[in-house]
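Report on the structure
The residues making up each chain are set out below.
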Amino acid sequence: KVARIIDATTSARDRALVTFMFRSGARVSEVVGLKWSDIAVNGDGSAVITIVRAKQDNDAKVTAVTPQLHAADMVSALLALRPEGATDDGLVFRSARAPYGPLVSSDAWRIVKAAAVAAGPAPRYIAVRIGASPSGKAAVFGTAIPRFES
């Protein structure tokens with residue numbers, strides 16, 4: 001079902017956003033706050049991605065060690081979004097409309113909702129945070145919210 005939602009996205013940015021959300025288990029605010037400096041690319045194309053945790057003290061950071069998250073395919077999808085001249089402190093996920101400002105949490109949820117509706121029948125509930133645990137096994141993080149209705 002997750003693959004159907006990812007496949008139902010309509011742009012490279014939306015696909016990378018939804019994939020990153022599902023693979024990382026990060027909160028929406030953490031995903032839209034991801035900066036280019038948070039992605040440290042390794043020589044093999046994989047990366048270590050540092051996620052600033054929204055529910056801890058302001059200086060707390062957690063490095064994502066999930067193999068599924070920092071795999072070369074996810075990293076290349078993220079890096080393909082980087083516009084020429086983007087600074088390291090720039091946000092990874094930006095609005096698709098001029099003036100290309102920051103993507104906010106409500107925008108991210110709108111993208112997920114549109115993909116979930118386009119993917120067809122869904123379970124009664126969709127988890128707020130779905131991803132992989134540090135062991136690499138699928139895990140659901142947080143609580144569930146009612147399924148998006150069209």
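As shown above, the structure is provided for reference.
We now examine helix α2 (residues 12–24). Compared with the 18 Å implied by 1.5 Å per residue over 13 residues, the 18 Å span of α2 between its first and last C-alpha is a close match. Of all 13 residues that make up α2, 11 are buried, and the element is covered over most of its length. Residues of α2 that are buried: R13, D14, A16, L17, V18, T19, F20, M21, F22, R23 and S24. The positive-phi residue at the C-terminal boundary of α2 is G25, with phi of around 75°.

Looking now at the packing of α2 against helix α4 (residues 72–79). Remark: α2 packs on α4, axes separated minimally by 10 Å, with the N-to-C direction vectors making an angle of 140°. In terms of their interaxial angle, α2 and α4 are classed as oblique. Of the two possible hands of crossing, α2 and α4 adopt the one that is left-handed. In this structure, α2 contributes A16, T19, F20 and R23 to the contact, and α4 contributes D73, M74, A77 and L78.

Helix packing for two helices is described by the angle between their axes and how far apart those axes are. Close contact between α2 and helix α5 (residues 105–118) brings their axes to 10 Å; oriented N to C, the two are set at 95°. Classified by the angle their axes make, α2 and α5 are roughly perpendicular. Listed contacts from α5 to R13, D14, L17, V18 and M21 of α2 are A108, W109, I111 and V112. Here the contact of α2 with α5 is built from residues that sort into 7 nonpolar, no polar and 2 charged.

Rules and cut-offs
Residues numbered from 1 in each chain as written. Predicted model: local features only at pLDDT ≥ 70, side-chain atom pairs only at ≥ 80, totals over all residues. Heavy atoms only, no water. Helix = DSSP H or I, 4+ residues; strand = E, 2+ residues; numbered from the N terminus. Expected span 1.5 Å × (residues − 1). Buried < 20%, exposed > 50% of the residue type's maximum accessible area, 1.4 Å probe, protein only. Axes fitted to C-alpha atoms, helices over the stretch in contact; angles between N-to-C directions. Parallel < 35°, antiparallel > 145°, perpendicular 65-115°, else oblique. Left-handed = near helix turned anticlockwise from the far one by under 90°. Contact = heavy atoms within 4.5 Å. Nonpolar A, V, L, I, M, F, W, Y, C, P; charged D, E, K, R; others polar.

Everything listed here is a matter of coordinates, which is why it stays silent on function.
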